[in-house]
Amino acid sequence: ELAALAMATTANPTTDLFSRLSFRRAVSPSPLRLPSLPTPTPRISVAIVALHKRNPKRLKYDSQRQFTRGDGGMLRVQVEPSGEDFWKLDPVVDLINSGAVGVIPTDTVYSIVCDLSNNDSIERLRRIKGIVNSKPLSILCRSLRDIDTYTTGFPLGTNQGQANIFRAVKRILPGPYTFILPATKELPKQCIKHGSSTRYAKRRQVGVRMPDDPICQAILQNLEEPLICTSVKYLAEDEWILDPVTIADIYEPLGLDFIVDGGARIADPSTVVDMTGSYPTIIRQGKVCNCIF
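Residues numbered from 1 in each chain as written. Predicted model: local features only at pLDDT ≥ 70, side-chain atom pairs only at ≥ 80, totals over all residues. Heavy atoms only, no water.

Looking up the protein in an unreviewed UniProt entry gives the name Threonylcarbamoyl-AMP synthase, with the organism given as Aegilops tauschii subsp. strangulata.

Asker: Sorry if this is basic, but what is going on with the overall build of the protein here?
Answerer: Across its full length, the protein carries ten helices and eleven strands. Within the protein, buried positions represent 39% of all 293 residues. Entry remark: accessible area of the protein is about 17,500 Å², with carbon and sulfur atoms responsible for 53%. (Helix = DSSP H or I, 4+ residues; strand = E, 2+ residues; numbered from the N terminus. Buried < 20%, exposed > 50% of the residue type's maximum accessible area, 1.4 Å probe, protein only. Areas by Shrake-Rupley, 256 points an atom, 1.4 Å probe, with all protein chains shown as cover.)

Asker: Explanation requested: helix α5 (residues 90-97) in the structure shown.
Answerer: Along an α-helix, residues three or four apart share an orientation, since each turn contains 3.6 residues. Buried within α5 we find Asp90, Val92, Val93, Leu95 and Ile96. Two residues or fewer past α5, Gly99 is found with a positive phi of approximately 100°.

Asker: Hey, could you run me through the pairing of strand β4 (residues 111-115) in this one?
Answerer: Consecutive side chains of a regular strand alternate in pointing toward one face of the sheet and then the other. Taken across its five residues, β4 has five buried, putting it largely inside the fold. The sheet contact formed by strand β3 (residues 102-104) and β4 spans three bridges and is antiparallel. Residue pairing in the sheet places Val103 in a bridge with Ile112 of β4. Where β3 folds back onto β4 in an antiparallel hairpin, the turn is made up of six residues. Across five bridges, the pairing between β4 and strand β8 (residues 227-231) is antiparallel. (Pairing = 2+ DSSP bridges.)

Asker: Just checking my understanding: could you explain the side chain of Asp213 for this structure?
Answerer: You can see Asp213 is positioned in the loop between β7 (205-210) and α9 (214-220). Within the structure, the side chain of Asp213 is placed 3.1 Å from the backbone nitrogen of Ile215, a separation counted as a polar contact. Polar contacts involving the side chain of Asp213 include one to the side chain of Arg265, which spans 3.0 Å. (Polar contact = N/O pair within 3.5 Å; in protein donor to acceptor, adjacent residues only side chain to side chain.)

Asker: Looking at this structure, I do not really get the nonpolar core. What am I missing?
Answerer: A general tendency of soluble globular proteins is for nonpolar side chains to be buried together. By size, the foremost hydrophobic cluster in this structure holds 41 residues, and its most contacted members are Ile139, Phe179, Leu187 and Ile228. Contributing elements (two or more residues each) for this core: β4, α6 (119-129), α7 (144-150), α8 (165-170), β6 (175-182), β7 and α10 (244-251). The residues contacting Leu187, other than those within four sequence positions of it, are Leu116, Ile139, Tyr150, Ile192, Arg204 and Val206. (Core = buried A, V, L, I, M, F, W, Y, C linked by side-chain atoms within 4.5 Å. Contact = heavy atoms within 4.5 Å.)

Asker: Looking at this structure, how should I read the state of the cysteines?
Answerer: Each disulfide consists of one covalent bond between the sulfur atoms belonging to two cysteines. Tallied over the entire structure, the rule returns zero disulfides. Free cysteine: Cys216, not disulfide-bonded; nearest cysteine sulfur from Cys229 at 8.2 Å. (Disulfide = S-S within 2.5 Å.)

Asker: Explain the pattern of salt bridges to me, please; I cannot follow it from the model alone.
Answerer: Oppositely charged side chains may form a pair once their charged atoms are brought near each other. In the structure shown here, the tally under the stated rule is seven salt bridges. Arg265 serves as the salt-bridge partner of Asp213, at 3.0 Å between the closest nitrogen and oxygen. Placement of Asp213 in the loop between β7 and α9 and of Arg265 in the loop between β9 (258-261) and β10 (271-274) is noted, with a sequence separation of 52 residues between them. As a salt-bridge pair, Asp238 and Lys233 come within 2.4 Å of each other at their nearest N and O atoms. Exposure remark for Asp238: the relative accessible area of 65% places this residue in the exposed category. (Salt bridge = Lys/Arg side-chain N within 4 Å of Asp/Glu carboxyl O.)

Below, the structure written as structure tokens:
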């Protein structure tokens, strides 16, 4: 049997050599045949692709720096009022959704804004502006539907001779008006604080705005709910700041997260109309005042 086995081995030298070579090849490491591990794709790359698809104009300006961050991390975005570069507002919308506090233009003066439902952001807004808890905050709305959601809305009129305020308001909105209306339960309590952090105003009222400003509307239309707002003023003076560069210089050290530069504003605030009484009452005449009430 040993002799037969030896003869079989000797009779197939080629097979034996092939087997040995195949074994060596199988166990010998070859750098050319080592499988390469797939490189994980960062999530941010996917987000950038999505932004490019949603905004084709980004491809044209991909190599240009359209906005800058200050040393303190504040985002500065300069936007043309004409609307040709509103795609640059996407980072602003993302920051608002993540809880940032920043400044945007309106049809009157600049406003400090934050997410309506973020209590921490509302507290930061109060600290940055330096306003007490008893100071009421307003909301920037996208549409009349938002106003109906967070307030009791405008009177529709009755057969007993009460004026149809809603019809009159539709003719002037969007516009430079602030309407004080009774708030509903949908409005967060942080918007109507009174005194200490655990005390709230008994009369739930809120000022609502629908600015007639393309930049402001472009931001609002990309959000799921209105913005909390308060006008931008000098810290030691009761005077509005109209220059976005001055706003950045003053408020960036206080923790402002972003500013949208839409150019200088006109020193005219909104006209404030109190709608909580039996009849509308103009308590501040501002940029425009149509006597329709």
